Structures are given as structure tokens and as C-alpha cells.
Amino acid sequence: RKMIKAAYKLLNPGGTLVYTTCTLSPEENELVIDYALRMFDDLELIPIALDIPNRTSGLTSWQGTDLNPALENAMRIIPNDYMEHFFIACLRKG
């Protein structure tokens, strides 16, 4: 959360922040993005236009808690023979 707050402060209006991790842990991924979207009402989670066959959308709920529905625009990459797993979200400051 400290890192995303610091990154937000450096963004100019219209600026883009790409948040990515090499884990599929919701605590490090969707929960951080959900926090940022709740904390900064001028942030928008924008779709990622990458055609990757082993991708899924970000989680919109975790352990019984509903998260921001815009997390569908985040991307989870499921590991396979040619790619490791990772998470990516693209945020734009209004």
C-alpha cells in the first residue's frame, strides 16, 4: 500500500501506472488495487489489450469480500510451459 500511494503521488493527471507482480496472491494484487481505487477517486482501472491465451480477469471478490468490479480489467496470467504466472493492472489518473 505504501508503494502504490507513493507511485500515485508521482503521477500527473492523465498519467498511467502499470502495477505488476510475479505472484497470484490476491493480498499483493487485487487487494492493493482495490485499496488504491477506494483511496484515490480519480484513479481508473483500464482494460489491458493483450491477447494472451492463458489469461484470466482479476478477482472481484476474495474470501467473502466483494472488491471493486473494475478489477475485471486486471489480468492474471496462469503459468504454462512457456510463461510464468504474474498479475498486471493498468491505472490511469484522471
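Residues numbered from 1 in each chain as written. Predicted model: local features only at pLDDT ≥ 70, side-chain atom pairs only at ≥ 80, totals over all residues. Heavy atoms only, no water.

A. Region of interest: the pattern of salt bridges. One pass over the full model with this rule turns up 2 salt bridges. Arg 76 is paired through a salt bridge with Glu 30; the nearest N and O atoms lie 2.7 Å apart. Note that Arg 76 is positioned in strand 6 (residues 75-77) and Glu 30 in helix 2 (residues 30-39), a separation of 46 residues in sequence. Across this residue pair, the class does not change: Arg 76 and Glu 30 are buried. Note that Asp 34 and Arg 38 form a salt bridge whose closest N and O atoms lie 3.0 Å from each other. Taken together, the residues span about one helical turn, with Asp 34 and Arg 38 both in helix 2 at a distance of 4 residues. Given the relative accessible area of 8%, Asp 34 is considered buried. (Salt bridge = Lys/Arg side-chain N within 4 Å of Asp/Glu carboxyl O. Helix = DSSP H or I, 4+ residues; strand = E, 2+ residues; numbered from the N terminus. Buried < 20%, exposed > 50% of the residue type's maximum accessible area, 1.4 Å probe, protein only.)

B. View of unusual backbone geometry. Phi is positive for Gln 63, which is not a glycine, with a value near 50°. Along the chain, the position of Gln 63 falls in the loop between strand 4 (61-62) and strand 5 (65-66). Of the residues examined, Gln 63 reaches a relative accessible area of 67% and is grouped as exposed.

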